[in-house]
Amino acid sequence: MEICLFCSTLGEMTCWKVVKSVLILCLILVPIFVWMTVWNGPVHYLPYYLPCPEIFSMQLQYAEEKPAQLFTELFYPQPRSLDQKRRDVLTLTPWLAPIVWEGTFNSKLLDSAYKPLNLTIGVTAFAIGKYTMFVGRFVESAEKLFMKGYRVNYYIFTNNPQVIPRVQLQPGRSLSIVPIKKYSHWQEISMRRMEAINRHIAEVSHREVNYLFCLDIDMVFHNPWGVETLGEMVAAIHPGYYNVPRSQFPYERRSSSAAFIPDSQGDFYYAGAVFGGLVKQVYTFTRACHMTILADKANGIMAAWQEESHLNRHFFSHKPSKLLSPEYVWDDTKPKPPEVRLIRFSTVNKDYKEIRD
Amino acid sequence: MSPWMAPIMWEGTFNRDILNAQYRQKNSVVGVATFAVKKYVRFIEGFLGSANKFFLSGHRVNFYLFTDHPEKVPSMKLAPEKHLFIIPVQNYSRWQDISMNCMDIISNHIRSHWRYEVDYLYSMDIDVQMFEHIGVEIIDTLVGTISSWQYTKPRDSNSYERRPESRAAIPSGEGDFYYAASFYGGSVSEVYKLTTACFKGVTEDRANGIEAKWHEESHLNKYLLYHKPTRLLSPEYYWDEELPIPPIIKVKRLSSVRKDLKEVRF
């Protein structure tokens with residue numbers, strides 16, 4: 001009734017214009033009103049952006065690994081068919097990937113095959129924020145014990161290049177500093193490693209190295225780490241879970257995550273601190289992990305152990321071609337069990353609260 | 001596992017389902033070269049029949065059968081993924097010559113057309129039968145089988161060729177395993193290198209008027225000492241019929257057929 005009276009006084013054309021503008025105003029004001037009443041506090045959004053097109057469209061040329069090698073070392077104890085050097089541990093996975101324990105290999109024999117190939121091995125390590133304090137000990141111990149006699153390139157990713165100490169390196173070894181951005185949360189820093197490694201391979205390391213290892217910086221070498229660890233795709237078994245049934249592995253158990261592994265599945269629990277392989281394989285692997293990390297971000301979920309959960313998911317579907325025993329990634333807070341005869345690479349004691357900000 | 005980290009295939013060391021799943025993604029073709037010359041044609045039926053059932057069942061295999069009597073090859077129905085190619089070959093008067101020239105024939109065929117047809121190539125003796133499944137665990141870059149006669153012996157009593165004049169000579173104090181020439185293989189490029197190198201050794205020995213103790217098997221052993229296989233097959237994969245089976249051999253997958261050697265070789 002009122003509208004009719006109103007319209008009849010103004011005339012029909014203007015009447016419609018008024019109705020339309022009122023409706024439009026409502027359409028704008030009502031959502032604002034609803035948002036203001038429903039919004040109950042600061043919402044925490046993790047930074048999210050689309051993957052960079054230039055990485056994924058790059059075609060990379062890689063030097064292929066020579067498959068069967070020439071062994072020139074001829075004097076060594078005879079291998080016996082019925083002899084198993086290590087009867088206390090599993091040395092071969094069901095998919096025929098060797099598990100590297102002390103006693104399963106002959107270093108001199110392997111060196112005789114690998115040295116002539118003139119390989120360069122890359123190592124990536126992330127030293128962000130206060131973690132730069134670990135660089136010195138890491139590189140010094142690596143110089144003495146990591147791939148001795150081979151060409152090695154260290155790539156230290158950091159947000160603070162000035163504080164990286166200059167360590168004296170052996171001939172044939174080099175260290176380059178890769179500047180990257182520091183994120184606000186340590187989980188974010190940890191998960192962005194996959195993307196950073198992937199990008200770095202695409203831009204730099206695919207030309208410089210044949211094999212690449214991605215290691216944690218807050219660790220030290222205690223015993224030799226040699227070419228027995230080289231393989232197409234290499235993962236290391238986590239020291240805390242090598243003797244534990246798979247239902248107790250800290251896999252991501254929420255099915256909404258892309259890193260989900262159900263209770264009845266899984267081979268081993270792999271450590272996020274050590275992985276590597278042929279540069280080409282590490283490239284595909286880090287890309288796949290980064291994609292699942294982004295998928296989780298889009299769904300607002302973060303996996304239980306950040307990129308380690310995604311790493312485990314990927315290694316379950318695309319099994320590694322070689323496994324490193326916990327000798328290669330040990331936790332010094334644990335007592336040494338008899339099956340671990342040598343500790344080669346292990347954590348440095350630190351106060352997590354103090355370092356992680 | 002060997003000291004150079006090549007897995008040794010024994011029953012129980014592998015899970016064939018996982019390996020099958022990985023292998024199927026590659027869409028590869030495997031070739032098997034085998035020779036049936038003179039009286040050995042009688043073994044063709046047994047070989048093909050058992051191979052059809054047990055060798056890489058479910059996967060594509062091309063059997064290349066070299067024979068001097070193509071008409072004597074029985075017609076057999078093979079599984080859909082398996083194909084048989086009969087290739088006529090000349091025979092030699094001495095069985096040792098037939099044996100040693102196998103390497104040359106294989107390497108020529110690889111060069112001319114097998115490298116386009118198959119990804120992996122295996123050479124097997126014809127006088128064998130299969131009793132258990134032999135699957136994708138044998139597929140790798142360079143594969144050798146440990147001899148059933150010598151898998152427990154110390155290296156100095158292995159039947160390596162010891163005379164230094166021969167190209168196949170392995171001095172005492174050296175050597176890993178004694179490999180059987182009845183079953184070896186690998187990727188096409190590796191087998192090409194192996195057969196070319198072995199046959200070169202054979203021809204050089206012939207020129208010097210010497211013949212290795214176990215013919216091409218001695219040359220094979222010399223090659224595999226330097227170019228160590230990336231995967232080893234236990235004696236389960238080639239068991240000589242004349243030997244009694246010890247408890248360590250849980251599964252006899254492939255075994256030679258009982259025969260009178262004198263009668264069949266001449």
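Residues numbered from 1 in each chain as written. Chains lettered and ligands numbered in written order. Predicted model: local features only at pLDDT ≥ 70, side-chain atom pairs only at ≥ 80, totals over all residues. Heavy atoms only, no water.

Selection criterion: UniProt positions are given in the numbering used here, feature names are shortened, and annotations may be inferred rather than shown by experiment.
Chain B carries the name Excitatory amino acid transporter 1-like in an unreviewed UniProt entry, which gives Platysternon megacephalum as its organism. Quoted verbatim from the Sequence similarities (unreviewed entry) heading of the UniProt record, the comment on chain B is "Belongs to the glycosyltransferase 6 family."

Per an unreviewed UniProt entry, chain A goes by Insulin-like growth factor-binding protein 7 and derives from Platysternon megacephalum. Quoted verbatim from the Subcellular location (unreviewed entry) field of the UniProt record, the comment on chain A reads "Membrane".

1. A word on the interface of chain A and chain B
Frequently, the measure chosen for interface size is the accessible area that the parts lose on association. Convention followed: Contact between two residues is taken to exist if any of their heavy atoms lie within 4.5 Å; hydrogens are not considered. Buried area adds together the accessible area that both of two parts lose upon being put together, with accessible area traced by a 1.4 Å probe. What makes a salt bridge here is a side-chain nitrogen of Lys or Arg within 4 Å of a carboxyl oxygen of Asp or Glu, nothing more. For the purposes of these results, a polar contact is taken to be a pair of N or O atoms within 3.5 Å, where, inside protein, one atom must be able to donate a hydrogen and its partner to accept one; residues adjacent in sequence count only when each atom of the pair is a side-chain atom. For helices the rule is a DSSP run of H or I covering at least 4 residues; for strands it is a run of E covering at least 2, with both sets numbered from the N terminus onward. When residue character is reported, Ala, Val, Leu, Ile, Met, Phe, Trp, Tyr, Cys and Pro are called nonpolar, Asp, Glu, Lys and Arg charged, and the others, Gly included, polar.
The partner chain B presents 37 residues to the 31 residues of chain A that form the contact. Summed over both sides, the interface of chain A with chain B buries roughly 3,000 Å², with 65% coming from carbon and sulfur. If you sort the residues of chain A by the area they bury against chain B, L74, S81 and L96 of chain A come out on top, with a joint share of 21%. For the pair chain A and chain B, the interface holds zero salt bridges. Across the chain A-chain B interface, the total number found is two residue pairs in polar contact (both at pLDDT 80 or more). Of all the secondary-structure elements, those providing two or more residues to the side of chain A that touches chain B are strand 1 (99-100) and helix 4 (107-114) of chain A. Looking at side-chain class alone, the side of chain A that touches chain B contains 20 nonpolar, seven polar and four charged residues.

2. Topic: the pairing of strand 7 (residues 233-237) of chain A
All names here are of chain A. Convention followed: For each residue, the accessible area found with a 1.4 Å probe, counting protein chains only, is set against the maximum for its type, and the residue is called buried under 20%, exposed over 50%, and partly exposed in between. Note on pairing: two strands pair once DSSP finds at least 2 bridges between them.
Counting buried positions over the five residues of strand 7 gives five, a clear majority of the element. The side-chain alternation of strand 7 yields two buried faces, one formed by M233, A235 and I237 and the other by V234 and A236. In this structure, strand 7 lies alongside strand 8 (residues 270-278), joined through four bridges in antiparallel fashion. Residue pairing for strand 8: A235 is matched across the bridge by F275.

3. Remarks on the sheet that holds strand 4 (residues 82-88) of chain B
Residue and element names in this part refer to chain B. Note the cut-off: The axes used here are C-alpha line fits, helices contributing only the stretch in contact, and every angle between their N-to-C directions lies in the interval 0 to 180 degrees.
Spatially, eight strands are ordered 1-9-7-8-5-2-3-4 in an open sheet, and the strand pairing comes out mixed. Each edge of the open sheet carries a strand with a single partner, namely strand 1 (8-9) and strand 4. As judged from the four bridges shared by strand 2 (residues 30-36) and strand 5 (residues 120-124), these two strands associate in the parallel manner. Bridging across to strand 5, A33 finds its partner in S123. Set on the sheet, helix 2 (residues 44-54) makes contact with strand 2, strand 3 (61-67), strand 4 and strand 5; between it and strand 3 the angle comes to about 175°. Strands in contact with helix 4 (residues 188-207) are strand 5, strand 7 (142-146) and strand 8 (179-187); relative to strand 8, the strand with the most contacts, it is inclined by about 135°.

4. Comments concerning the nonpolar core
Quick reminder of the rule: Nonpolar core, defined: a set of buried Ala, Val, Leu, Ile, Met, Phe, Trp, Tyr and Cys residues in which side-chain atoms within 4.5 Å join the residues together.
In this structure, F146, M147 and W225 of chain A together with W114 of chain B are the most contacted members of the largest nonpolar core, which totals 95 residues. Among the elements that make up this core, the one with the highest residue count is helix 3 (residues 95-117) of chain B (eight residues). In contact with W225 of chain A, other than residues within four places in its own chain, are L145, F146, M147, F213, L215, V274, L324, Y328 and F345 of chain A. One finds L96, F126 and M194 of chain A together with F14 of chain B within the second-largest nonpolar core, a separate group that totals 80 residues.

5. Describing the pattern of salt bridges
Residues and elements named next belong to chain A. Scanning the model with the defined rule gives 24 salt bridges over all chains in all. Measuring nitrogen to oxygen at the nearest pair gives 3.0 Å for the salt bridge that ties R86 to D88. Ionic pairing is found between E203 and R199, a salt bridge with its closest N-O pair at 3.5 Å. Remark: R199 and E203 occur in helix 7 (residues 193-208); sequence separation between them is four residues, near one turn of the helix.

6. What about the confidence of the model for chain A?
Formally: The predictor's confidence in any single residue is recorded as pLDDT, a number from 0 to 100.
For chain A, mean pLDDT is 83; residues scoring 70 or higher make up 86% of the total. Overall, residues 44-66 of chain A carries pLDDT values under 50, and its contacts beyond four positions in sequence, including any with other chains, amount to 40 contacts.

7. Overview of the UniProt feature "binding site: UDP-N-acetyl-alpha-D-galactosamine" (unreviewed entry) in chain A
All names here are of chain A. Here, UniProt's "binding site: UDP-N-acetyl-alpha-D-galactosamine" (unreviewed entry) annotation points to F126, A127, I128, Y131, D216, I217 and D218. Over a stretch of 93 residues, the named residues converge on one spot in the fold, their C-alpha atoms separated by at most 11.2 Å. Turning to its location among the elements, I217 is positioned in the loop between strand 5 (211-215) and strand 6 (219-221). A relative accessible area of 2% means that I217 is categorised as buried.

8. A look at the packing of aromatic side chains
Aromatic ring pairs are defined here through the distance separating the ring centres and the angle between the ring planes. What counts is decided by this rule: Classification of ring pairs rests on two measures: the distance between centres of Phe, Tyr or Trp rings, Trp counted by its six-membered ring, which must be within 6.5 Å, and the angle between planes, read as stacked under 30 degrees, edge-to-face over 60 and tilted in between. Definition used: whenever NZ (Lys) or CZ (Arg) falls within 6 Å of the ring centre and also within 35 degrees of the ring normal, the charge is taken to sit over that ring.
Taken as a whole and judged by the stated rule, the model has 32 aromatic pairs over all chains. With a centroid separation of 5.5 Å and an interplanar angle of 85°, the aromatic rings of W225 of chain A and F345 of chain A are classed as edge-to-face. With W225 of chain A in the loop between strand 6 and strand 7 and F345 of chain A in strand 10 (residues 345-347), the pair connects residues that are 120 residues apart, well separated along the chain. Taking the relative accessible area as the measure of exposure, W225 of chain A reaches 1% and is therefore buried. When its relative accessible area of 0% is taken as the criterion, F345 of chain A is described as buried. Among the aromatic side chains, those forming a connected cluster through ring pairs are F138, F146, F213, F221, W225, Y328 and F345 of chain A. Its end group placed over the ring of W4 of chain B, K228 of chain B keeps NZ or CZ at 5.1 Å from the ring centre. If you follow K252 of chain B out to its NZ or CZ, it ends over the ring of F131 of chain B, 4.9 Å from the centre.

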